[in-house]
Every structure is written in C-alpha cells, then in structure tokens.
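Below, each chain spelled out in residue letters.
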Amino acid sequence: MLQPHIPSGTVTDASRLVRVLKLELRGITKRFGSLLANDHIDVVVEPGQIHCLLGENGAGKSTLMNVLYGLYEPTEGEILVNDKPVSFRGPGDAMAAGIGMVHQHFMLVPVFTVAENVALGAESTKAGGFLNLEDTRRKIKEISDRYGFDVDPDALVEDLPVGVQQRVEIIKALVRDAKVLILDEPTAVLTPQETDELLDIMRQLKSNGTSIVFISHKLREVKAVSDTITVIRRGKVVGSANPGDSTTALASMMVGRAVNLTLDKAPAKPLEKTFKVKDLTVIAPNGHHTVDGISFDIARGEILAVAGVQGNGQTELTEAILGLQERVHGSILLDDVELVGRSVKDVLNSGVGFVPEDRSVDGLIGTFSIAENLVLDRYDQPPFAKGISMSPAKVLENAKSRIDEFDVRTPSGLLAAGTLSGGNQQKVVMARELSRPLRLFIASQPTRGVDVGSIEFLHKRIVAERDQGTPVMIISTELDEVMELADRIAVLYKGKLVGIVPAGTGRDVLGLMMAGIPQEDAASDHAVKTDRAAKTEHAANTDQAVQPDQTFKTDAAAAEGRATSSPEGGEHA
Amino acid sequence: MPDEDRPKHVDQHAKPHEKSVAAEETAAVAAVDTAGGAISPSAVPATAQSGKLPGGPDTLLRKIFTGSGVVSVLAVLLALILGGLLIAATDERVATTSGYLFARPTDFLSAVWNAATRSYIALFQGSVFNPRGSGLAVQFAPLMETLTIATPLITAGLGVALAFRAGLFNIGAQGQIIMAGILAAWVGFALHLPLGLHLLLVLVAGIVGGALWGGLVGLLKARTGAHEVILTIMFNYIALYFLRYLLNTPAFQRPGESNPISPILDPTAVYPQIFGSQYRLHLGFILAIAATVLVWWLLNRSTVGFEFRAVGANPKAALTAGINVSRSTILVMAIAGALAGMSGVAQVAGTEKVLTDGVAATYGFDAITVALLGRSTPWGTFAAGLLFGAFRAGAVQMQIQTGTPIDIVLVVQSLIVLFIAAPPLVRAIFGLNPRRKKPAAAGKSQQAATTGGAA
Ligand SMILES: Nc1ncnc2c1ncn2[C@@H]1O[C@H](COP(=O)(O)OP(=O)(O)OP(=O)(O)O)[C@@H](O)[C@H]1O
Ligand SMILES: [Mg+2]
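Treat the numbers as computed from the prediction; the structure is a model and nothing was measured.

Caption draft 1: Up close: the overall build of chain B. When helices and strands are counted, chain B shows 20 helices and 0 strands. A burial count over chain B gives 49% of its 455 residues as buried. With the model as given, the accessible surface of chain B reaches about 20,600 Å², and the carbon-plus-sulfur share is 69%.

Put into structure tokens, the structure is as follows:
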C-alpha cells in the first residue's frame, strides 16, 4: 500500500522527540465457542498512520481491537510491537506497550473532574500518598493546548458534552504515552460538528507520530481521514482499499455485493392523519421545559423525520409519547385515543413500535438471550404466553425467523444479546419493533452503528412500513439519513418546533433551522436548493483498482460523500 | 387491511442478501449449532467487549450472586481444606509432633491429616450416614436430621435468591420468618379446627404473614424509593421485638405461666412426619421441594419471572419495554416473603411445635449465604441448603466424637462466603485463570519490548 514510509524508532517533531511504534498483528485468530470471530488476521499499523478497519456488522473488528488491547486472549496468533512479539495479560500491559483505546461507551466517573478521571488508575502520588493532581492538570493543559482540545481540567465530567468526554478519553490515553490509539466507532455518538472536530484531532495526532486504528461505518469519514483501509469480512481480511476509492466500491468490497447507497423510495401517499400531537410540553425534574409547546401530526403512509442537534428535546419528545416522562402537558392522539397519562404497556399495546436512542441502555438486556430480547415487549402476549405461562419454543421459533430476516449475525438465538456486535444489537431492536402490527412507528437513530449493507435493508423496511399505511417518525442526528427517509422534516431547537419543511429542503436551510432560525428567514437568506444532483454512478464498481491519489484532499472528501447523491422526493407534502 | 397484508410483505423483503455467501455461512453455522442443541456460552465475560455490554448495573454484588457454579464448588472445597487445617492446629497430637517436626516431619503430617479427617468423618457420620448404628433406620437418622434442618434454609434461601434475581438485596428473611411464625403458631394453638383444615390454615397464615412483611418492604421501596437493605434490616428488628413483646402477653403464653413460650400447637395443626415418628423430618421438606420447582418455573417459564429477571438485569430497558417496575418490586418481595414464611411454618408446625423468640434461629441470615452459594438459582439454592443443613446436623456429632468445637462449622461457612466473594482468588488457587500460559520466550521478549517501548 501507499503510505509515507517512516522508519520505526524516533522521529523529530518540531519541539520534541516522539517515540513511534510499529504494530503488527500476525495470524490473529479468536474463537468464541463454535464461532470464529477472527480468522488468521494479519494487519500492520505503520507509525503515524491512520489505519481504518472496515467491515460488516459482526465481521470481527471490535474483537480484533479487544485482542490488541489485551482484553481478549487470542486463540492463535501474535502481536508484534516494533517487530518484537509481545503478550498482553490485560489492558495494563497494552497501555505499558504504548497502546491506548477509547471505548465506545466511555469509562469515566461522572462525578469526578477531568483531572481526577485522567489521574485515575495512573495516580502519580506525592510523598505521603497524596494524589498529585497538579501534575496531571499540567499534563492535561499541555496536551489540550497542543491539539486544540479545549478541555478544562477542573470541569466535572458529567457536565461535559459527549464529544468533550470523548476527548477526555483520548487525553487519558495520551497521558499514558499511547503511541497507537484505538478508536472503535468513535463517531457513532457524535454530532456532525463534533465528528469534524474529532477528525481534525486525529489528523493532528497523526502528524505528531501517533498511529490510529479507526473503526467506522461512515464511509465519508473513512475516506476523509484514513491512510490505509483494511477490509474484514466474516473474520478474515479480504483485502486493502485506498481512501481514494469510491464510496460504492468501498461499500461493495465490505459487504461482498453491490450496495445501493441511495434509497429508491416511491413518493409518499399520505392517507388520513391518525397521529396528532398538540401543544405538547414536557417538564424536566429541574423545571426546565425540555419540550415546549410542540404541535404536529403524521399521516398514515408518511415518514416524518425529526432533525436537530442532539439534546434539543428529541429524546424527551419520544419518551413522552411512550409514556416514560413524568410531567407531560398537552395531548397526544393516536387513532383518536389519548396517550398522555397512559402506561408504557398501554401505549405499546395500542400498536406503537419504539426504537430507543440508546439500544444498550433502553433497548436490550445484555444478559438475556437474543430470543428473549426479541420478545421483550411482547413476552406476555400470544403466541409467546398463555396466561402467565411462557412458551420458550415459540420464543425461539420467533427468534429464528427474525434472525434470518434481519440478517443478525449470530450462531444461535440462545446466546446472550451482549455477545452480539454493536450493529447486530441494533438490528435485534429494529427486528423486534418492526415485526408486529403497528399503528405508529417511532425510531431514534434507527441505524446507529449499522453497516452500509444493513442500512440499505433497514431503510427499505422502514419505507415498507410506511407503505403499509403506518405513520412513521424517525429521529436522527444524521442529516443524510433524515434527508433520505423523510417525506417531511421537522426541526427541533431548544424544545421548540422551528418548522416542518418538505423533503428535499436544502442542507443549508436545514442547518440554519437547526440553529433556531425559522425556515422563512432561512429560505430568504439562501435560495432553497433542492439540489437533486445526478445520482452518482453506483454500478458494479467493485474492482479495487487502486488509484494512487496521494494528494487526496480530505476537505473535499468530507464535502463529498453520500450527501452528493442526495435524496429523491419532495414532490408531495 | 394493511395489517393483514403484512406477512406477505415481510416475505418480499425477507431475504435481502440472497446471493451472499456470507448469509449462507451464517445459516450453516446456526444450523450446526442449534442442531447440536448444546450452545456453550462464551468463555470470555461479555464485559470484556469494549465496554458496550448492554444490561443493567453490573455491580460487584451482582457478579458475586450470579457467578459461576464452579466457583461455588471450589469455594466449598477450599473452605473445607482450610477448616481442616484449623482443626489440626488445635489438635493435641499435632502440637506434640510439631515439637520434633524437623526430626520426623512425617509424624507431624500424619497427625495433621488424622486430625482433619477424623473430624470430617465424624461430620459426615453426623449428617449423612452413621455406619455404627444398629439397623438401617438408625444409620440413616443423621440424613433425616440434615433434611429437617435444611428445610427452612431452602425456602428462605429461595426467597433471597428470587428477590436477588429481580435486583433486590433482600436480607429480611429473618423478619419474614418471624412474622410467619407468629401468625402460624397463633392459628395453630389458639384456634381449634378439624384435621386438614387446621394445618392448611396454619400454612396459609404463615405464608400470608411472610408475604405481607416482605411485600410491605417492596411497597415502601416502590412508593418512596427507600433502599430495601435498610428497610429489611429495620423490619427484622421490628419483627423480633414484636415477637418478644407478644411472648410477654398472656395471649401467647401457656395458661398460668409467664415464661416467654407459647402453648404447644394442636396436633391437628402440625406437619405430619414423613417417615414416621422416629425422625423429625416433616412435610415441610416436601413443600420445600415443591417450592423449588415452583420458583424454577416462575423464573424460567412464566411472564412474571421474565419481568422479575428483566427488572433485575436492566430496569431501564424493562421500563421501556412496558414492564411495570414498581409492581414487580412489590410482587417479588411479597413472593420472597411468602417463601421465607414457609420456613417460619416449618419451624413452628414442623420442627419445634411451639413459638419462642428463637423461632427463626439464624435461618434468615444463613439463607443469604445459602442463596449466595447457590448462585441465586433455585436448584443451586436447594443444594446449598442441603449442604448447610448437613454442616449443622453433623457439627454436633463432630463435637461429641472428636471434641472439635461446633464453631469450626461456622468458620467453614464464613470461609465459603469469603471465597465466593472473591472468585479470582479461588481461580488463582486452583490455577483456573482464563489467561493462557505463555511460552517463556514470548514472556521474555514482551518484557524487552515493553521496557524498550514505553520509556
Ligand atoms: N464475548 C463474546 N461471546 C460470543 N461471541 C462474541 C463475543 N464477542 C463477540 N462475539 C461475536 O463475534 C463476532 C464479531 O463481533 P465484533 O463485535 O468483533 O464485530 P464488529 O466487527 O465489531 O461488528 P460491528 O460493526 O457491529 O460493531 C460477532 O458475531 C459476535 O457475535
Ligand atoms: Mg464493533
């Protein structure tokens, strides 16, 4: 592959000596019972390289990283650091060898300050055993300044936005002298802006000689930052790709078939409006109005997508509909039945399918089997139960067909859901909610952590649900997803509805609306561009003819990506 | 109707990746695996997965209560070994032989071995089978005694285990046993009813008493958010002092006496003895088996148990799935109380036939250990109950035969808890750590690399 050749050893950076590290995984194999999660994987991470791992859900990327970080013992194979074989008995060993990892779910103590969190586990103590926070604070400042992290060492972690918390995790690794940083789907929880900032940080780290192993399902990001791409499928390396390769080529290489990155969706045929929200206000325990006087309705056979920067009331809105919020004023009518004040069970039983935003906290029980999780909100209904007696056979039968239908990668429905890969967990939640008769379907971040192939499938299923005449509400922080699925787009800002605009409204207008500027003003500022750019050719462009495009412009790549092939639609509504 | 069209529609989209070799492979793997029927769960804890384990509070307590059964068995073994050493340490012969330890170490070692084995043999003879007895009936008497003592341990242990599976740390079995005992005893000596009906009423009264006492804790927790540990501790005290108070009132004393002891229960109100009057073993043991089966069914085959487990494993996901967490909390505490209540009935209507302030002995607290050792599974708890019953029954015989103090059994019990609470210790001692041993060469080069790389 083409990458700048940096000899292992040391390179001089403007001001200081930075040790660099060459990492090699040789023949790594990892078995879980009968399942071969990693099958003789060879990967070389050169110093100062951003190395991207691309692969379907369940391909074995996270497993490989856990092996590299000392969390899993490989069944076979070895890890070489600067050409010397090493063996890690735990993350401590990996860290000592200069490998750091930022987990998708942060391992921070919320009530501690940034400095305290960073010091945790690597406490430098003064004489007498007192914690030397001064030292840590100084190091944080130093790193923060060097990379433009903008992190205050004395801030409480619980007060920080997700993106900044993630930087604290990165600082934690850097303070421990990490020369290789593992980032497993770091952008899945970030807003688009935070994502761009993270990508910048990654580039800076790289220029300082830190190598990064980066995992993401968002090809736009992958193309924007990576130097080398290794594609893994079913636990095996199937080849390398070049960041200059087209998105469709990357996608098909990863999934092993041609993937349609744009959704072919017929225009909506909205029927009667059966879901009506009127003057909805949700009051948080602190008295804050998280949802503030919202009114909208959704017709049968229509998808309303809710856009907005995370934390502007989306979560509370969906929770209010489901009956999870305590103080709700206003009215929510589904088929002329009032939902406000009803129990969650009543709401679910009246035909509401609900996909929560955070699958691992609200959507799944990790210690329960996949089969049990697939009936989590229907365990007490026929055919799964008669009276209070459950039928495990029926539960398992259901699991088998859902697993087949949604292509959940697992050897058995009896395994704990916690053993599934992230994307497959998401598929389980979607499978559960999409496979019962629905009168309303609400999904938050329906494809978070899901690979491109499965996104295609899930999007088709959501549109199919719409075509059955179900009102659908999608909440997504991915503007691409919103634009792709929506028949109409609602934008929330600080708990208020900024406006509802037709699909096909330009990104710039949506962007302004997401900052709280109503669409009339936004539209007059920028002529509404319903740029339905020619669909990018996504033919069977599967050959991996490597284009040695070394002067690949990352910014241009960021601007390009899936957005250029912007969605169809906008005729109606 | 769109809803009825759905299945057809689903079929259209059922196989999105028809041509994908990958999908076929999954199917093949799935087929092989499920055909075998034996799906072995992963050897690696799911928590090791980049921290993305869904599920509830993965607290230390939770791990201890629901960890692997192998650790339980090893913990018992280890505790017995240490207990044996302790016995040996107080043995006279061991003391004398240690005086010339270096001259004849074999003497010392054999003395240690003898001291420990003698005591344990006595323990076994006192709890399972006594070969010196005349006739089978006498030889098996110790086993009957073991089962009798195990009965209240099993049912109360089930209560603790069940609550724990629902995420509640119920240490109120003691109070629940007492409340059940009070009600059951009163029905037993104060009312005079026909055979059959009387015993049934005694049983119901005890179960209701325990259920109310437990359910009240659940109610307070669900309504006010008070912590169940504090509630149950307080409820234990309330129950105990309430019992002492009652035993000082004429209504609970024998006519004309002022001792804190109740009248003997009516013959119609006591459990029949299973194998005749020569053994104390009573119907309560059969009911304990039934309770174990019931709890197993409840947990694994019923919607109620599904809710309990869901609330215990991830209350937020349970809530989102429409499960009424408050109702589950109240219900599980009531059922736990009812199970402990069965222990109270077993005590007053089975073993003791009177009510004293020692009605619960320490069964309510031992039940926590029993549930812990049984990993909060119904049959595990049953087995652990039997083991503890055997310890209790055999300890007396051990003291009589070998002079080893009964207290050594308590030490062994405590050691078991200690080892269960520290699984890594047990695994380390038995060399069971999941980490594979590395060839020496790799170890050396690792050292070189880490010291070289991380300067
Ligand atoms: N602890 C475990 N026990 C059993 N199977 C496991 C375990 N961890 C992972 N697996 C299995 O190993 C395979 C690879 O999982 P892994 O998490 O590495 O996938 P991934 O490539 O990270 O996928 P995703 O993109 O969805 O995150 C999956 O089939 C998963 O079910
Ligand atoms: Mg993963």
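Caption draft 2: Fine view of the site of ligand 1. As a matter of local geometry, ligand 1 sits amid 23 residues, with Ser-62, Thr-63, His-217, Ser-421 and Gly-423 of chain A nearest to it. At ligand 1, the nearby residues belong to more than one chain, namely chains A and B. Notes on ligand 1: free accessible area 640 Å², of which the protein chains cover 97%. Within the residue set of the shell around ligand 1, elements represented by two or more residues are strand S4 (35-45), helix H1 (61-68) and helix H14 (422-434) of chain A. In terms of residue count, H1 of chain A provides more of the shell around ligand 1 than any other element does, 3 residues in total. In terms of residue class, the shell around ligand 1 is built from 6 nonpolar, 12 polar and 5 charged.

Caption draft 3: Main features of the nonpolar core. Core analysis: the largest hydrophobic core is formed by 99 residues, its most contacted members being Leu-162, Ile-182, Leu-355 and Ile-416 of chain B. It is helix H8 (residues 141-165) of chain B that contributes the most residues to this core, 13 residues altogether. Leaving out residues up to four positions away in the same chain, Leu-355 of chain B has contacts with Gly-181, Ile-182, Ala-185, Leu-243, Leu-247, Phe-252, Pro-260, Ile-261, Ser-262 and Val-348 of chain B. By size, the runner-up hydrophobic cluster in this structure holds 63 residues, among which are Met-390, Val-395, Met-430 and Leu-438 of chain A.

Caption draft 4: Just the side chain of Arg-409 of chain A, in detail. Residue and element names in this part refer to chain A. Looking at where Arg-409 falls in the secondary structure, it is placed in the loop between helix H13 (392-405) and H14. Exposure remark for Arg-409: the relative accessible area of 13% places this residue in the buried category. Engagement of the side chain of Arg-409 in a polar contact is seen with the side chain of Glu-56, the distance being 3.0 Å.

Caption draft 5: Layout of the confidence of the model for chain A. Residues and elements named next belong to chain A. Taken residue by residue, chain A gives an average pLDDT of 83. The fraction at 70 or more is 86%. Here residues 1-18 is a poorly scored stretch, pLDDT under 50, and it has 34 contacts once near neighbours within four places are set aside; other chains count. Counting contacts from residues 527-573, a segment whose pLDDT is below 50, to residues more than four positions away or on other chains yields 70 contacts.

Caption draft 6: The sheet that holds strand S22 (residues 472-475) of chain A, seen in detail. Residue and element names in this part refer to chain A. Read across the open sheet, the 6 strands follow the order S18-S21-S22-S15-S23-S24; overall the sheet is mixed. Two strands lie at the open edges of the sheet, namely strand S18 (352-355) and strand S24 (496-502), each paired on one side alone. Put simply, the sheet's adjacent strands are angled 15° from each other on average, direction ignored. Summarising the sheet, strand S23 (residues 488-493) and S24 pair through 6 bridges and their orientation is antiparallel.

Caption draft 7: Examining the packing of aromatic side chains more closely. The full count for this structure, using the stated rule, is 14 aromatic pairs over all chains. On the numbers, 6.4 Å between centres and 10° between planes, the contact of Tyr-237 of chain B with Tyr-241 of chain B is stacked. Here Tyr-237 of chain B pairs with Tyr-241 of chain B, and both are found in helix H11 (residues 228-246), just 4 residues apart, close to one helical turn. Judged by its relative accessible area of 46%, Tyr-237 of chain B is partly exposed. Overall, Tyr-241 of chain B belongs to the partly exposed group, its relative accessible area being 47%. Three or more aromatic residues link up through ring pairs in this structure, and these residues are Phe-368 and Tyr-379 of chain A together with Phe-306 of chain B. When the ring centre of Phe-368 of chain A is taken as reference, the NZ or CZ atom of Arg-309 of chain B above it lies at 4.9 Å.

Caption draft 8: Focus on the environment of Glu-433 of chain A. Residue and element names in this part refer to chain A. Secondary-structure assignment places Glu-433 in helix H14. A relative accessible area of 1% places Glu-433 in the buried class. When the C-alpha positions of Glu-433 and Ala-241 are compared, they lie 36 Å apart, and in sequence the two are 192 residues distant. For Glu-433, the residues in contact, after removing those within four places along its chain, are Val-352, Gly-353, Phe-354, Val-355, Asp-377, Leu-438 and Phe-441. Side chain to side chain, Glu-433 and Arg-432 meet in a polar contact 2.8 Å long.

Caption draft 9: Structural context of H13 of chain A. Residue and element names in this part refer to chain A. For H13, which comprises 14 residues, the first-to-last C-alpha distance of 20 Å matches the rise-based estimate of 20 Å (1.5 Å per residue) to within 8%. What H13 keeps buried is the set Val-395, Asn-398, Ala-399, Arg-402, Ile-403 and Glu-405. The arc enclosing the buried residues of H13, seen along the axis, measures out at 160°, which places them on a common side. In H13, the exposed positions that point more than 90 degrees away from the buried face belong to Ala-393, Glu-397 and Asp-404. Following H13 by one or two positions, Asp-407 has its phi on the positive side, about 55°.

Caption draft 10: Layout of helix H10 (residues 197-224) of chain B. Compared with an ideal rise of 1.5 Å per residue, which puts 28 residues at 40 Å, H10 of chain B spans 39 Å between its outermost C-alpha atoms and is within 8% of the ideal. Positioned one or two residues after H10 of chain B, Gly-225 of chain B has a phi angle of 80°, which is positive.

Caption draft 11: A look at the pattern of salt bridges. All names here are of chain A. Tallying each qualifying case throughout the model produces 46 salt bridges over all chains. We note a salt bridge from Asp-487 to Lys-265, for which the minimum N-O separation is 3.3 Å. Here the residue Asp-487 occupies a position in the loop between helix H16 (479-485) and S23, and Lys-265 occupies one in the loop between helix H8 (247-255) and strand S13 (273-283), the gap between them amounting to 222 residues. Side by side, Asp-487 and Lys-265 carry an identical accessibility label, which is buried. Residue Asp-480 pairs with Arg-507 through a salt bridge whose shortest N-O separation is 2.3 Å. Of the two residues, Asp-480 is situated in helix H16 and Arg-507 in helix H17 (residues 507-514); the sequence distance between them amounts to 27 residues. Of the residues examined, Arg-507 reaches a relative accessible area of 34% and is grouped as partly exposed.

Caption draft 12: Here's a closer look at the pairing of strand S14 (residues 289-299) of chain A. Residue and element names in this part refer to chain A. Relative to S14, S13 runs antiparallel, the two being bridged by 7 bridges. Among the inter-strand pairings, Lys-276 is bridged to a residue of S14, identified as Asp-297. Hairpin connection of S13 to S14: 5 residues between the antiparallel strands, including Gly-287 at a positive phi of 90°.

Rules used in this analysis
- Residues numbered from 1 in each chain as written.
- Chains lettered and ligands numbered in written order.
- Predicted model: local features only at pLDDT ≥ 70, side-chain atom pairs only at ≥ 80, totals over all residues.
- Heavy atoms only, no water.
- Helix = DSSP H or I, 4+ residues; strand = E, 2+ residues; numbered from the N terminus.
- Buried < 20%, exposed > 50% of the residue type's maximum accessible area, 1.4 Å probe, protein only.
- Areas by Shrake-Rupley, 256 points an atom, 1.4 Å probe, with all protein chains shown as cover.
- Near = heavy atom within 4 Å.
- Nonpolar A, V, L, I, M, F, W, Y, C, P; charged D, E, K, R; others polar.
- Core = buried A, V, L, I, M, F, W, Y, C linked by side-chain atoms within 4.5 Å.
- Contact = heavy atoms within 4.5 Å.
- Polar contact = N/O pair within 3.5 Å; in protein donor to acceptor, adjacent residues only side chain to side chain.
- pLDDT = per-residue confidence, 0-100.
- Pairing = 2+ DSSP bridges.
- Axes fitted to C-alpha atoms, helices over the stretch in contact; angles between N-to-C directions.
- Phe/Tyr/Trp six-rings, centres within 6.5 Å; stacked < 30°, edge-to-face > 60°.
- Lys NZ or Arg CZ within 6 Å of the ring centre and 35° of its normal.
- Expected span 1.5 Å × (residues − 1).
- Arc of directions from axis to C-beta.
- Salt bridge = Lys/Arg side-chain N within 4 Å of Asp/Glu carboxyl O.

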